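Listed below, chain by chain, are the residues.
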Amino acid sequence: MRARVDSAPDPARPRGAGAGAFRWFRRLLVGSVLMGLVLVGGTAFRVWQVARIDDYATADAIVVLGAAQYSGTPSTVFEARLDQAYKLFRLGVAPRVITVGGKQEGDLYTEAASGKNYLQSRGVPGDKILAVETGSDTLRSVEAVANAMKARDMSAAVLVSDPWHSLRTRTMARDEGIDAWTAPTRTGPAVYTRESQAHGIARETGALLWYQLTHFAADFRYTAGQ
C-alpha cells in the first residue's frame, strides 16, 4: 500500500485573507483594462464615424482650421482644407470664411493670413474672409474663433479640417458655445493612404480623450505628410 504524500503548500501563493484580496485586485485590474479598451475603442469608432459626415447645411461662417504654411504658401494639408472651404463658399453654405491660426517663431505669415491670401487668389472676395491670426493649437484656435464670432453676432459654423480632426474640433467648438457641424476635406495627405488614415484616427483618439479628461489641448504632431 502506497504511503500518502501531501504536497507542500506553495509559499508564493497567497492564503486566507491574502488570497481573497489578491483575487479582488486581479479582478479590478482586469476590469480596468477592459474598461480602458472599451473607452479607447469606442472613441476611435466615434472619430471614424464623425469623419464620414458631410453636413452642408447653411451657417454663418465656414471655419478653416489652420495647418502648416511656408512663407505664406499653405502646406498640402492646409491647401486641401482651403480648397474644401472654397467649394463650400461657392455652394453658398455660408457668406463668410474664417481662417484661423497664428505663426511659429521666425515665420513671416500667420496660418490665418496665408489661408486668406490663398482663398483670395482663388477668387473669394477679401471682405468675405475674416483672418483670426491667433492660435497655436486646436483649442486656442477654436477659442479665438468663438470670440470673433460672438463679437460679430455669429453663432453657427461649419468646420473644415481633416476628417479625423472633425470630432475633436466639433466638440471643442460646441463647448465654446458655437452651433457647429463638420464638412471635412476629402483630399490631401490625411486621406491618401490607409497608413495615414490609421495614423489620423489613432492621433485624434488620444487627443480627444486627453481633452475630455483635462480640457487642455493635445495636438500631437502630424507625420503622415505635409
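Predicted model only: the values in this text are computed from it and were never measured.

Draft legend 1. Examining the overall build of the chain more closely. Within the chain one finds 7 helices and 7 strands. The linear arrangement of helices and strands in the chain, starting from the amino end, is α-β-β-β-α-β-α-β-α-β-α-β-α-α. The buried share of the chain, reckoned over its 226 residues, is 44%. Once local pairs closer than 6 in sequence are excluded, the contacts in the chain between residues at least 24 apart make up 70%.

Draft legend 2. Summary view of the pairing of strand 5 (residues 129-132). Note: strand 4 (residues 97-100) against strand 5, 4 bridges, orientation parallel. Counted as the bridge partner of V100 is V132 from strand 5. Taken together, strand 4, helix 3 (residues 111-121) and strand 5 constitute a β-α-β crossover, and its handedness is right-handed.

Draft legend 3. Spotlight on the side chain of T99. Tracing the backbone through its elements, the reader meets T99 in strand 4. Of note is the side chain of T99, whose polar atom sits 2.8 Å from the backbone oxygen of A112. Discounting chain neighbours no more than four positions away, the residues touching T99 are V64, L82, A112, G115, K116, L119, I129, L130, A131 and V132.

Draft legend 4. Geometry of the sheet that holds strand 7 (residues 179-182). On the basis of which strands lie adjacent, the open sheet formed by 5 strands has the order 5-4-1-6-7 and parallel pairing. The open sheet terminates on both sides in strands that have one partner only, identified here as strand 5 and strand 7. Ignoring which end each strand starts from, the neighbouring axes of this sheet average 25° apart. By the bridge criterion, 3 bridges tie strand 1 (residues 61-64) to strand 4 in an arrangement that is parallel. When the sheet's bridge partners are listed, I62 is paired in strand 4 with V97. The sheet contacts of helix 5 (residues 166-175) involve strand 6 (156-160) and strand 7, and relative to strand 7 the element is tilted by about 175°.

Draft legend 5. Quick peek at the nonpolar core. In terms of nonpolar packing, the biggest core is built from 23 residues, with I62, L88, V97, L119 and V158 touching the most fellow members. Considering every element that reaches this core, the biggest residue donor is helix 2 (residues 76-90), with 7 residues. Look past the residues within four positions of V97 in its chain and what remains in contact with it is I62, V64, A85, F89, L119, K128, I129 and L130. Formed by 22 residues, the second largest nonpolar core is a distinct cluster that contains I98, A148, M154 and I178.

Draft legend 6. Seen up close, the packing of helix 4 (residues 138-151) against helix 5. Two numbers describe how helix 4 lies on helix 5: the axes approach to 9 Å, and their chain directions differ by 45°. Between helix 4 and helix 5, the angle is such that the two are oblique. The hand of the helix 4/helix 5 crossing is right-handed. Only R168, T169, M172 and A173 of helix 5 make contact with helix 4, whose side of the interface consists of T138, L139 and V142. Broken down by class, the residue content of the contact of helix 4 with helix 5 amounts to 4 nonpolar, 2 polar and 1 charged.

Cut-offs and rules
- Residues numbered from 1 in each chain as written.
- Predicted model: local features only at pLDDT ≥ 70, side-chain atom pairs only at ≥ 80, totals over all residues.
- Heavy atoms only, no water.
- Helix = DSSP H or I, 4+ residues; strand = E, 2+ residues; numbered from the N terminus.
- Buried < 20%, exposed > 50% of the residue type's maximum accessible area, 1.4 Å probe, protein only.
- Contact = heavy atoms within 4.5 Å.
- Pairing = 2+ DSSP bridges.
- Right-handed = clockwise from strand over helix to strand, strands pointing away.
- Polar contact = N/O pair within 3.5 Å; in protein donor to acceptor, adjacent residues only side chain to side chain.
- Axes fitted to C-alpha atoms, helices over the stretch in contact; angles between N-to-C directions.
- Core = buried A, V, L, I, M, F, W, Y, C linked by side-chain atoms within 4.5 Å.
- Parallel < 35°, antiparallel > 145°, perpendicular 65-115°, else oblique.
- Left-handed = near helix turned anticlockwise from the far one by under 90°.
- Nonpolar A, V, L, I, M, F, W, Y, C, P; charged D, E, K, R; others polar.

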